[in-house]
Structure formats: C-alpha cells, structure tokens
Amino acid sequence: MTTHEVLILAAGLYLGFVIAAVVHMVWVARDATRAARRAQVAATAAVKRTAGDRYLAAFQLDRLIHGRKERA
C-alpha cells in the first residue's frame, strides 16, 4: 500500500469511529429521554393515586364520625 492509501484508510477508520460515536450518543440520549418521561408519568400517577387515597380516607373517617354521632 502506498502512503496515500494508508492515509485514506486511516481517515476512513476515524470517520467511521466518529459516526459510530455520534449514533451511540443519540441512541443513549433518546433512551434516557424515554426513561425520564416514563418516570415522570409514573410519578404523576402515584401523586394522583395518593391524593385519591387521602380523599377516600377522609371521607370514610367523616362517615364514621357522623355515623357515631347520629347513632348516639
């Protein structure tokens, strides 16, 4: 191989490495974004579920308190 061919080979290998690195970075960032979005949706659902549980517990407590007063 001539010097010129070796330089072209080295440039091609470097270019392939850079392209592979960029694709990997984009792929990882996309997965991280999806994971963050999934976690946000799960957190929002947990907050709503907790708020509903607190409301129902307060409602049941109110029924117990007023039910005992009406019976007495």
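My aim in this report is to walk through the structure given alongside it, one point at a time. From a predicted model like this one, the values you see are computed outputs, not experimental measurements.

**Remarks on the overall build of the protein chain**
1) Next: Counting its secondary structure elements, the protein chain contains one helix and zero strands.
2) Next: Here the C-alpha radius of gyration of the protein chain, 31 Å, is well above what a compact globule of 72 residues would show, namely 11 Å.
3) Next: Dimensions along the principal axes, computed over C-alpha positions, put the protein chain at roughly 105 × 10 × 5 Å.
4) Next: In the protein chain, which comprises 72 residues, the proportion classed as buried is 1%.
5) Next: In the protein chain, which carries 11 positive and 5 negative side-chain charges, the distance between the mean positions of the two groups comes to 9 Å.

**Quick look at a nonpolar patch on the surface**
1) Next: On the surface, Met1, Val6, Leu9 and Leu13 cluster together to form a nonpolar patch covering roughly 450 Å² of accessible area.
2) Next: Position of leucine 13 relative to the elements: it lies in helix α1 (residues 3-71).
3) Next: Assessed through its relative accessible area of 59%, leucine 13 is described here as exposed.

**Considering a positive patch on the surface**
1) Next: A surface patch of like charges, here positive, comprises Arg30, Arg34, Arg37 and Arg38.
2) Next: A relative accessible area of 56% means that arginine 38 is categorised as exposed.

The rules behind each value
- Residues numbered from 1 in each chain as written.
- Predicted model: local features only at pLDDT ≥ 70, side-chain atom pairs only at ≥ 80, totals over all residues.
- Heavy atoms only, no water.
- Helix = DSSP H or I, 4+ residues; strand = E, 2+ residues; numbered from the N terminus.
- Rg over C-alpha atoms; globule rule 2.2 N^0.38 Å.
- Buried < 20%, exposed > 50% of the residue type's maximum accessible area, 1.4 Å probe, protein only.
- Lys, Arg positive; Asp, Glu negative; His and termini not counted.
- Charge placed at Lys NZ, Arg CZ, Asp CG, Glu CD.
- Patch = residues over 30% accessible without salt bridge, like charges linked within 9 Å, V, L, I, M, F, W, Y side chains within 5 Å.
- Areas by Shrake-Rupley, 256 points an atom, 1.4 Å probe, with all protein chains shown as cover.
- Salt bridge = Lys/Arg side-chain N within 4 Å of Asp/Glu carboxyl O.

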